[in-house]
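# What the coordinates show
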Amino acid sequence: SQFLPVNDTTVYNTWRDSYPYKAVSSFALHPQYINLDALGAMPSAIRDEIAKERQRLNELPEIDYEQVMKVKMGILRKLYSINKVEFLKSREFLEYFRKHQDLL
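Here is what the cut-offs are and how they apply
- Residues numbered from 1 in each chain as written.
- Predicted model: local features only at pLDDT ≥ 70, side-chain atom pairs only at ≥ 80, totals over all residues.
- Heavy atoms only, no water.
- Helix = DSSP H or I, 4+ residues; strand = E, 2+ residues; numbered from the N terminus.
- Buried < 20%, exposed > 50% of the residue type's maximum accessible area, 1.4 Å probe, protein only.
- Contact = heavy atoms within 4.5 Å.
- Expected span 1.5 Å × (residues − 1).
- Arc of directions from axis to C-beta.
- pLDDT = per-residue confidence, 0-100.
- Polar contact = N/O pair within 3.5 Å; in protein donor to acceptor, adjacent residues only side chain to side chain.
- Salt bridge = Lys/Arg side-chain N within 4 Å of Asp/Glu carboxyl O.

With that settled, consider the environment of Lys78. Looking at the secondary structure, you find Lys78 in helix H2 (residues 65–89). Taking the relative accessible area as the measure of exposure, Lys78 reaches 36% and is therefore partly exposed. The sequence separation of Lys78 and Ile46 amounts to 32 residues, and the corresponding C-alpha distance is 8.3 Å. In this view, Lys78 contacts Ile46 and Glu49; residues no more than four positions away in its chain are not counted.

Listed below in structure tokens is the structure:
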């Protein structure tokens, strides 16, 4: 098994951040590796936006790191704004926060 970090590893907001082992934390995950399809229920407009952007980005001749990050972070911010109140009141979040508040 291999364990990768679970917190954001973004430092420069450029392609230099794409290397998962150059983490600002030993518990960090770079947002580039988030699978947007695995985030669960979301409005169909956002699913459509993901599909459109995925097609656009996959048609490029090479990976455009900055565009991938811009799209993913934009989607994540939209989803958070939609679900923020419910998420912050959820049993799972409150339990996680209680257990790890000294690290947060």
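Back to the write-up after that little detour.
Taking 1.5 Å as the rise per residue, helix H1 (residues 44–58) with 15 residues should run 21 Å; its terminal C-alpha atoms sit 21 Å apart, in good agreement. Looking at H1, one finds that the buried residues are Ile46, Ile50, Glu53 and Leu57. In an axial view of H1, the angular spread of the buried residues amounts to 75 degrees, which keeps them on one side of the axis. Along H1, exposed side chains directed more than 90 degrees from the buried face belong to Ser44, Ala45, Asp48 and Lys52. Residues of H1 that are buried make contact with H2.

Confidence in the prediction of the protein chain, expressed as mean pLDDT, is 84, and 79% of residues score 70 or more. Across the protein chain, the secondary-structure element scoring lowest on mean pLDDT is helix H3 (residues 91–100), at 93, and the one scoring highest is H1, at 97.

Here Glu53 is to be found in helix H1. What makes Glu53 buried here is its relative accessible area of 16%. Of note is the side chain of Glu53, whose polar atom sits 2.7 Å from the side chain of Arg56.

Attention shifts here to the pattern of salt bridges. Under the definition given, this model contains five salt bridges. Among the salt bridges present, the one from Glu49 reaches Lys78, with a minimum N-O distance of 2.7 Å. On the criterion of sequence distance, the pair formed by Glu49 in helix H1 and Lys78 in helix H2 is long-range, its members being 29 residues apart. Taking relative accessible area as the criterion, Glu49 reaches 25% and is therefore assigned partly exposed. Arg91 is paired through a salt bridge with Glu92; the nearest N and O atoms lie 3.6 Å apart. Each member of the pair, Arg91 as well as Glu92, is classed as exposed.

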